[in-house]
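# Chains, contacts and geometry: an overview
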Amino acid sequence: FLYFIGCRTPRSEMSAGGVPGVRAEAEAEDRIDLAWTPITPPMAAKIVEAIHTRTGRETVHVVDLIDNGLGSELTADIAAAVETSDVRELMLRFNKIGKNGCDALSSSVKVSTRIQLLDLRGNDLSGGDVRRLLKAASESSSLSHLGLGMNRLGPDGAEKVAEVACQNAGIIHVDLNSNNLGPEGASHIARAIANRGSCLRVLDLFGNSLGPDGVTTVLTALRSNRTIQRLVLGNNACGDASMPALREALFGNAVLTDLDLCCNDITSDGIAQAADGFSFCASLTRLSLRDNAFNATGALHTFAKACALSDSLLSIDVGSCGLGSKGAIMFEGCLASSSSLTELNLSYNHVDDVAADGIAKAMTVSKRLRVLDLVGNSLAPPGAELLLDALQRN
C-alpha cells in the first residue's frame, strides 16, 4: 500500500486479548458498551441487572462505559455487581469516579476471580485516590491489565504502581500515560522494571515530564529486564541526553519488540548515538520516532544505515521529523536492502519530487515493503506518478 492521504480509526489498546499470554475472546462475546451518554440511576440499575444475569449467551463479560458522568455512587453500584459476576474487562474511562469509586472498585478487584482488565483512564485520580485500589491489585489472582493513564497520580502514585508490579507477577500491562510522574516517579517505575519478580510486558509512560534524567533512569533499568515487549516513552522531552542509555539498553535485549520515542526533541546527532543498538537488538520489530527533529546530516545517514542492517525491524515511523527530500533520500537504503522492513512512515516531512525518483527505484527492488506512508508531503503529479509506477512493479 502507498498512502498519499489517510486517516486513523481510534481503538482501545488495553484489550486483554491484545497481549501475548491472555486469550482473546470470540467476536460474539456479550458486552455492554455505552459512550458519551449520561447514565441515570435507573439506567445504572439496568446495567447492574444485566451484569447479574448469567444464562448462557446473555452472560456479560465486558463492560465499557466512556464519559457517562457516573460519579462515585453509580460506580459503587456497578463495582458491587462485578464482584461475583463473570465480567473480565471493566472500563470506566472519563467517568469522574473519585476516591470513593476507587475504594468500591478495590473490593471488586480483591474478590473477583474473573476480572482481567481494569481501565480507569481519564478520571482525575490522585495517588491517594488509588491507594486502596492498588493494594487490592497487588493481591488479585486474575488482574493482568491496569489502565491508569490521563490521571494525576504523580510520583506517589508511581511508587504504588511499582509496588503492584513487583508484588503481583500477573500484572503484565500498565498504562500510566500523562500522569506527571516526573523524574522521581521514573525512579519508582525503574525499580519495577529492574525487579526480577515483575513480569510487565507492556508499559506506557507517554507524556509524563520524565525529562532526560527520568528517561535515562528507565532505560538503564531496561538493561536488566527480560519481559517488557512494548515500551512507550514518547513526549518526555528527553532530547539527545538519553541516547547513550538507549544504545546500552538495546544491546543484547532479546524481548523488546515495540519502542515508541515520539515527540522527544531528539536530533539526528542524538539518534546516531544509539544507531548500532537498533541494528543489534534482534527482537525489535517496531520503532516510532515520530515528531522529532532530524536534519539531513551524516548522523541521520548513520541511523538509516543501521536500520537497513537490522534483521528484525518491520516498521519504522519517522513522520513529522522535518527530513525534507535530502533526509528522505537517506532512507532509500532501508527500502532497497532491508531484509525485514515492511512499513516505512515518511509522512509530513516536506518530501517533494526531488526524492520521488530515488524512493521509487528503491521500492522496485524492496524485498518486503508493504506500506509506504507519504501523507502530507509536497509531491507534484510527476513525483506521484513515479511512485505509483514503482508500486505496480514492486
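Residues numbered from 1 in each chain as written. Predicted model: local features only at pLDDT ≥ 70, side-chain atom pairs only at ≥ 80, totals over all residues. Heavy atoms only, no water.

## Remarks on the overall build of the protein chain
- Helix and strand counts for the protein chain stand at 15 helices and 14 strands.
- C-alpha atoms of the protein chain, sized along the principal axes, occupy 65 × 40 × 30 Å.
- By residue count, 54% of the 394 residues in the protein chain fall in the buried class.
- Sequence separation of 24 or more characterises 88% of the internal contacts of the protein chain that already satisfy a separation of 6 or more.
- The protein chain carries 35 positive and 45 negative side-chain charges, and their two centres are separated by 5 Å. (Helix = DSSP H or I, 4+ residues; strand = E, 2+ residues; numbered from the N terminus. Buried < 20%, exposed > 50% of the residue type's maximum accessible area, 1.4 Å probe, protein only. Contact = heavy atoms within 4.5 Å. Lys, Arg positive; Asp, Glu negative; His and termini not counted. Charge placed at Lys NZ, Arg CZ, Asp CG, Glu CD.)

## Focus on the environment of I78
- Positionally, I78 belongs in helix α2 (residues 71-83).
- Between the C-alpha atom of I78 and that of A328, which follows or precedes it by 250 residues, the distance is 52 Å.
- When residues no more than four places from it in sequence are discounted, the contact partners of I78 are V48, I51, L65, L70 and L90.

## Re the packing of helix α3 (residues 98-111) against helix α4 (residues 131-139)
- Their axes nearest at 8 Å, the elements α3 and α4 cross at an angle of 10°. Our classification of the angle between α3 and α4 gives roughly parallel. Between α3 and α4, the contacting residues are C102, D103, L105, S106, V109 and K110 on the first element and R132, L133, A136, A137 and E139 on the second.
- Looking at the contact of α3 with α4, its residues break down into six nonpolar, one polar and four charged. (Axes fitted to C-alpha atoms, helices over the stretch in contact; angles between N-to-C directions. Parallel < 35°, antiparallel > 145°, perpendicular 65-115°, else oblique. Nonpolar A, V, L, I, M, F, W, Y, C, P; charged D, E, K, R; others polar.)

## Digging into the pattern of salt bridges
- Scanning the entire structure with this criterion turns up 20 salt bridges.
- E139 serves as the salt-bridge partner of K135, at 2.4 Å between the closest nitrogen and oxygen. Linking K135 with E139, this pair stays in helix α4, spanning four residues, or about one helical turn.
- Put simply, R230 and D258 hold a salt bridge, and the shortest N to O gap is 2.8 Å. With a gap of 28 residues between them, R230 in strand β9 (residues 230-232) and D258 in strand β10 (residues 258-260) connect regions that are remote in the sequence. (Salt bridge = Lys/Arg side-chain N within 4 Å of Asp/Glu carboxyl O.)

## Notes on the confidence of the model for the protein chain
- Of all residues in the protein chain, 92% have pLDDT values of 70 or greater, and the mean over the chain is 91.
- Taken as a whole, residues 1-11 scores under 50 in pLDDT and shows 25 contacts with residues more than four places along the chain or in a different chain.
- This stretch, residues 17-28, has a pLDDT under 50; its non-local contacts, to residues over four places away or in other chains, come to 20 contacts. (pLDDT = per-residue confidence, 0-100.)

## Remarks on unusual backbone geometry
- Positive phi is not limited to glycine here, since D67 has a value of about 55°.
- Considering the arrangement of structural elements, one finds D67 in the loop between β3 (62-66) and α2.
- Residue D67 is classed as partly exposed on the basis of its relative accessible area of 39%.
- Positive phi, normally seen in glycine, also occurs at K96, with a value near 50°.
- When its relative accessible area of 68% is taken as the criterion, K96 is described as exposed.

## Some words on helix α8 (residues 243-250)
- Turning to α8, its buried residues number three or more, namely M243, A245, L246, A249 and L250. One side of α8 holds all its buried residues, which, seen down the axis, span an arc of 155°.
- Structurally, α8 contributes buried residues whose contacts are with α7 (211-222), β10, α9 (268-273) and α10 (275-280). (Arc of directions from axis to C-beta.)

## Focus on the packing of aromatic side chains
- Under the definition given, this model contains four aromatic pairs.
- With a centroid separation of 5.5 Å and 75° between ring planes, the pair formed by F278 and F303 is classed as edge-to-face. Of this pair, F278 sits in helix α10 while F303 sits in helix α11 (residues 298-309); the two residues are 25 residues apart in sequence, bridging distant segments of the chain.
- For F278, a relative accessible area of 0% corresponds to the buried category.
- Judged by its relative accessible area of 0%, F303 is buried.
- Look at F294 and F303: their rings are 6.3 Å apart centre to centre, the planes differ by 50°, and that puts the pair in the tilted class.
- Accessibility expressed as a relative area gives 0% for F294, which makes it buried.
- Among the aromatic residues, ring-to-ring pairing joins F278, F294, F303 and F331 into one connected group. (Phe/Tyr/Trp six-rings, centres within 6.5 Å; stacked < 30°, edge-to-face > 60°.)

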